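# Understanding the architecture of this molecule
Here is how the chains run, residue by residue.
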Number of protein chains: 2
Amino acid sequence: MTSPLTDFSRLCIHTITTKPWPLEECIENYVKAGVPAVSVWRQWLEPNGLDTSARMLKDSGLRITSLVRGGFFPAKDEAGRAAALDDNRKAIDEAAAIGAPLIVLVCGAVPGIPLPEARKQIADGIAAVLPYASAAGVKLAIEPLHPMYSDCRSAINTLEQASDIVEQLGDGHLGVTVDVYHLWWDPYLRRDIQRAGDTIFSFHVCDWLTPTNDMLNDRGLMGDGCIDIPEIRAWVEEAGFTGDIEVEIFSNTWWAADQTAFLDKIKTAYIEHC
Amino acid sequence: MTSPLTDFSRLCIHTITTKPWPLEECIENYVKAGVPAVSVWRQWLEPNGLDTSARMLKDSGLRITSLVRGGFFPAKDEAGRAAALDDNRKAIDEAAAIGAPLIVLVCGAVPGIPLPEARKQIADGIAAVLPYASAAGVKLAIEPLHPMYSDCRSAINTLEQASDIVEQLGDGHLGVTVDVYHLWWDPYLRRDIQRAGDTIFSFHVCDWLTPTNDMLNDRGLMGDGCIDIPEIRAWVEEAGFTGDIEVEIFSNTWWAADQTAFLDKIKTAYIEHC
């Protein structure tokens, strides 16, 4: 059992959750709504450039929970894999610049690359960039993605598998992200969360809708679907996690709605269903 | 490594694969095409009734690989669960009547029933009907379904989980179905297939398309997607499986096509990609 959430001190929102808002509107509206933390998607840094974006974020007083996202390591040729490493080092520079202590890794998958090979390329890629991250004081979190994404988004699909890589590469700067949307179905999730322990670097929430009409962009507001979020939160907290609870919702429906009203619904759902 | 398939002696087709054809057309066309075996979906028995359907199948000379499908155990009330048990006993009677040695179980899931509870109801349901199946000489195979179906179709989502239930209920009449579509992504699949060993009662093939445009009815013909079917077939054969290779494709695209031409494509894909 976990304690109900009674305030917003651990609430973090991903900029992609309010996709219609550019960085300045995310900052303005999150601050106005009393949201204390943000996870910044890299695309949100582009319009104003890195330095200006970093200053805007610093001036806002928002806590930066993570930069999203690195990864995408597998590629069909050596040049593609080298480009991926370069891009991950660039992400690490960006994280350091905006004061993000963590980068979330969506590890990648490519149709035509067999899964065992993709998984090897992922482990090799993480091993290659991890020293650079450590030197920058930036942590990396492997986010296992739902198995329905194993063809083209991530060949890392269970927490057990992510933890195997963390153990293999053994560095205090490498851990995992537990996202309830990707992992809620796993019959061995509690066991694997206990095993992950203090390598759980971040925790993402949203909900699984029935029916799900789009495999990528039909995620639900917490409480609108079938995931028992408080139970999974209890498990990560038993494992020692005390960090932010990050709301990451990809939803064509919500993106088409009034974002200020949506932000208000997020706050209500956070208290009632997380 | 497994040997290439050089003939159609192990080819089985599910009646739902050629959904536009009623039972009589499935029989006529499969026989004409030299397909030796069929897995019969229960809906195909309804138009002609059980006795007539059983006689048609017997007269056809087709081998009946399995009856599809039992299961769907979880329900919100006792009456619903009792009705599910009755329906499974009816399926067992049907299997015995048509000479099907096996029933495939799609175990069920219901939005609003938490997964741990659904999983308990599934194990209880299987335990309740297993003696009836054993007495009828009909085997039951738990088919783990892809995790994207854990909200409303099956709370059994990995082979490891299915084998845990098989071990728990321990009866030579209970085993598993390995369907490449549901399990191909699993990083521990080879290990779990070895463990399942001679409890692997059946083997289903199709392919995973990128993109997948419909979560239920956009499955691909073997070779059109990213699943390494020969590798998984090698694993089940290393584990001792020598049974039929069952083509089960749900596809709005293929169902809209000429079914005779589709059947021909299935045969080619079977030899080239299974």
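The coordinates are above.
This section reports on the structure supplied with the text. (Residues numbered from 1 in each chain as written. Chains lettered and ligands numbered in written order. Predicted model: local features only at pLDDT ≥ 70, side-chain atom pairs only at ≥ 80, totals over all residues.)

## So, the pairing of strand 2 (residues 37-41) of chain A
Residues and elements named next belong to chain A. As a reminder, the rule being used: Here exposure depends only on C-beta density: within 10 Å of a residue's C-beta, 20 or more other C-beta atoms make it buried, 12 or fewer make it exposed, and intermediate numbers make it partly exposed, the C-beta atoms being placed from the backbone. Here a helix means four or more residues in a row that DSSP labels H or I, a strand means two or more in a row labelled E, and each is numbered from the N terminus. Two strands make a pair as long as DSSP finds a minimum of two bridges between them. Look down the strands so they point away from you; if the path from the first strand over the helix to the second goes clockwise, the crossover is right-handed.
Burial analysis of strand 2 places five of its five residues in the buried class, the great majority of the element. Every second residue of strand 2 is oriented toward a common face, with Ala37, Ser39 and Trp41 on one face and Val38 and Val40 on the other, all of them buried. Relative to strand 2, strand 1 (residues 11-14) is paired through three bridges, and the arrangement is parallel. Within strand 2, the residue paired with histidine 14 across the bridge is serine 39. In this region the chain leaves strand 1, passes through helix 1 (residues 23-33) and returns to the parallel neighbour strand 2; the handedness of that crossover is right-handed. Sheet analysis places strand 2 next to strand 3 (residues 63-71), joined by five bridges and oriented parallel. Residue pairing for strand 3: tryptophan 41 is matched across the bridge by valine 68. Handedness of the crossover is the feature at issue here: the chain leaves strand 2, passes through helix 2 (residues 50-60), returns alongside strand 3, and the resulting connection is right-handed.

## Regarding the relation of the copies chain B and chain A
Our working definition: Superposition of the copies used a least-squares fit over C-alpha atoms from residues whose pLDDT is at least 70 in both.
For the pair chain B and chain A, the relating rotation is 180°, the translation along its axis is 0.0 Å, and the fit reaches an RMSD of 0.0 Å. This pairing of chains is accounted for by a two-fold axis.

## A look at the sheet that holds strand 6 (residues 174-179) of chain A
Where strands meet in a sheet, backbone hydrogen bonds hold them as pairs that are either parallel or antiparallel. All names here are of chain A. Rules: The angle between two axes is taken between their N-to-C directions and runs from 0 to 180 degrees, where each axis is a line fitted to C-alpha atoms and a helix contributes only its stretch in contact. The contact rule is simple: place each C-beta atom from the backbone, and if two of them lie within 7 Å, those residues are in contact.
Spatial strand order, 1-2-3-4-5-6-7-8: eight strands in a closed barrel with parallel pairing. On average, each strand axis in the sheet is tilted by 30° relative to the strand beside it, whichever way the strands run. Relative to strand 4 (residues 102-106), strand 3 runs parallel, the two being bridged by four bridges. The residue of strand 4 that forms the bridge with glycine 71 is valine 106. The strands touched by helix 5 (residues 159-169) are strand 5 (139-142) and strand 6; relative to strand 6, the strand with the most contacts, the crossing angle is about 170°.

## Some words on the interface of chain B and chain A
Applied cut-off: Residue polarity is assigned by list, with Asp, Glu, Lys and Arg as charged and Ala, Val, Leu, Ile, Met, Phe, Trp, Tyr, Cys and Pro as nonpolar; anything else, Gly included, falls into the polar class.
Listed per partner, the contact involves 20 residues of chain B and 20 residues of chain A. The residue inventory of the side of chain B that touches chain A, partitioned by class, reads ten nonpolar, seven polar and three charged.

## So, the nonpolar core
The condition is simple: Take the buried Ala, Val, Leu, Ile, Met, Phe, Trp, Tyr and Cys residues, join any whose C-beta atoms are within 7 Å, and the set you get is a nonpolar core.
Val40(A), Ile103(A), Val176(A), Val40(B), Ile103(B) and Val176(B) are the most contacted members of the largest nonpolar core, which has 182 residues in total. Beyond its immediate sequence surroundings of up to four residues, Ile103(A) is in contact with Ser66(A), Leu67(A), Gly70(A), Ala91(A), Ile92(A), Ala95(A), Val138(A) and Leu140(A).

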